[in-house]
Every structure is written in C-alpha cells, then in structure tokens.
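# Fold and contact review
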Amino acid sequence: MEERCSAAFDGLQQTYTAAEAKREIDAILAAYAPECEILFGKTAAEIINSYKVNSRFDRYRICEIIVRTGLTGRDCENLAAEWMLHNAAWKAHVGRAGAKDVSLDYKRDPRAPVHLATELFDFFDIE
C-alpha cells in the first residue's frame, strides 16, 4: 500500500491551510460531479457525494491533503479505509442515506473494521 500512497502524493504541498486544501480537493472532486465538494468542519472533513469518487488514487490523494492540513491525527490509510467502507456500503445498497457522503472525523477511527477493510480492499485490489 505504501507504494500506492507515495505515487498519490507526488506534487503535493508539505502543508495546507484548510482553504488551500479545499481548493485543491474541490478541483479533484470536480472531475466526478459539480456537486461533489469538501467541507472542513470543527470535528470532521465532510465530502459531499463521496460515493461518486471511484478512483483509489484520488481518494488517497484527497486523504493525504486532509492529513497535511494538520487538522487530524489520523493517517491517510485510515481515512481512505473509512471512505472505502462508505463507498462499499453505497454500492451494496446498505445504509445508502449515510453512505452517500463521508464524514472523516479528525480523531483516529479505532474500529477494527476500518483497518480490516483497508487490508481486504488492497489484497483483492478493489477500487
């Protein structure tokens, strides 16, 4: 997974303000739909219509930009795993109302399923 992540990080700034991150992330999201956007809140970054992002590369890139704002203590892989779970739930028609958007809390997600999902998605090369 480290190789995949490092390729997604090429060309990124070392640090971002929330405003800089929003501009860069919204530019990535615009390729998926005009109604996709990121909102930086007090406790989480919310990606509206996140289910439309079907590229693992873009998810990792977006998550790393979030990490580089300094707003979260979570790492890119943990954020991306949570997002992948939302996308999988959306595709499986499980809890679709809650899976349409992803709210990535700034505090580390300790749930074992988040870590397990990362490993399974990578093992089976699931986007």
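It should be emphasised that the depicted structure is a prediction, and the values quoted were computed from it without experimental measurement. (Residues numbered from 1 in each chain as written. Predicted model: local features only at pLDDT ≥ 70, side-chain atom pairs only at ≥ 80, totals over all residues. Heavy atoms only, no water.)

## Overview of the packing of helix H2 (residues 18–29) against helix H3 (residues 56–67)
Packing of H2 against H3 leaves a shortest axis separation of 10 Å and a crossing angle of 170°. Of the possible angle classes, the one that applies to H2 and H3 is roughly antiparallel. Note on element contacts: H3 touches H2 through Asp-58, Arg-61, Ile-62, Ile-65 and Ile-66, opposite Ala-21, Glu-24, Ile-25, Ile-28 and Leu-29. Of the residues assigned to the contact of H2 with H3, the class counts are seven nonpolar, no polar and three charged. (Axes fitted to C-alpha atoms, helices over the stretch in contact; angles between N-to-C directions. Helix = DSSP H or I, 4+ residues; strand = E, 2+ residues; numbered from the N terminus. Parallel < 35°, antiparallel > 145°, perpendicular 65-115°, else oblique. Contact = heavy atoms within 4.5 Å. Nonpolar A, V, L, I, M, F, W, Y, C, P; charged D, E, K, R; others polar.)

## A short note on the packing of H3 against helix H4 (residues 76–91)
Interhelical geometry of H3 versus H4 gives an angle of 130° and a closest axis separation of 9 Å. Viewed along their axes, H3 and H4 adopt a mutual orientation that is oblique. Where H3 crosses over H4, the two elements pack in a sense that is right-handed. In contact with Arg-59, Tyr-60, Ile-62, Cys-63, Glu-64, Ile-66 and Val-67 of H3, H4 contributes Cys-76, Glu-77, Leu-79, Ala-80, Trp-83, Met-84 and Asn-87. (Left-handed = near helix turned anticlockwise from the far one by under 90°.)

## Focus: the pairing of strand E3 (residues 102–105)
Of the two faces of E3, only the one carrying Val-102 and Leu-104 is buried; Ser-103 and Asp-105 on the other face are not. Examined bridge by bridge, strand E2 (residues 44–48) and E3 share four bridges and lie antiparallel to one another. For Ala-45, the partnering residue across the bridge sits in E3 and is Leu-104. (Buried < 20%, exposed > 50% of the residue type's maximum accessible area, 1.4 Å probe, protein only. Pairing = 2+ DSSP bridges.)

## Topic: the environment of Ala-21
Considering the arrangement of structural elements, one finds Ala-21 in helix H2. Among the residues examined, Ala-21 registers a relative accessible area of 0% and is labelled buried. Between the alpha carbons of Ala-21 and Phe-40 there is a distance of 9.2 Å; along the sequence they are 19 residues apart. Ignoring anything within four residues of it in the chain, the contact list for Ala-21 reads Tyr-16, Phe-40, Ile-65 and Thr-69.

## Here we look at the nonpolar core
Proteins that are soluble and globular tend to have nonpolar side chains buried together. Residues Ile-25, Leu-29, Ile-47, Ile-62 and Ile-66 are the most contacted members of the largest nonpolar core, which totals 28 residues. Contributing elements (two or more residues each) for this core: H2, E2, H3, H4 and E3. Here this core gets six residues from one element, more than from any other, and that element is H4. Excluding its chain neighbours within four sequence positions, the residues that come into contact with Ile-47 are Leu-29, Glu-37, Ile-38, Ile-62, Trp-83, Asp-101, Val-102 and Leu-104. (Core = buried A, V, L, I, M, F, W, Y, C linked by side-chain atoms within 4.5 Å.)

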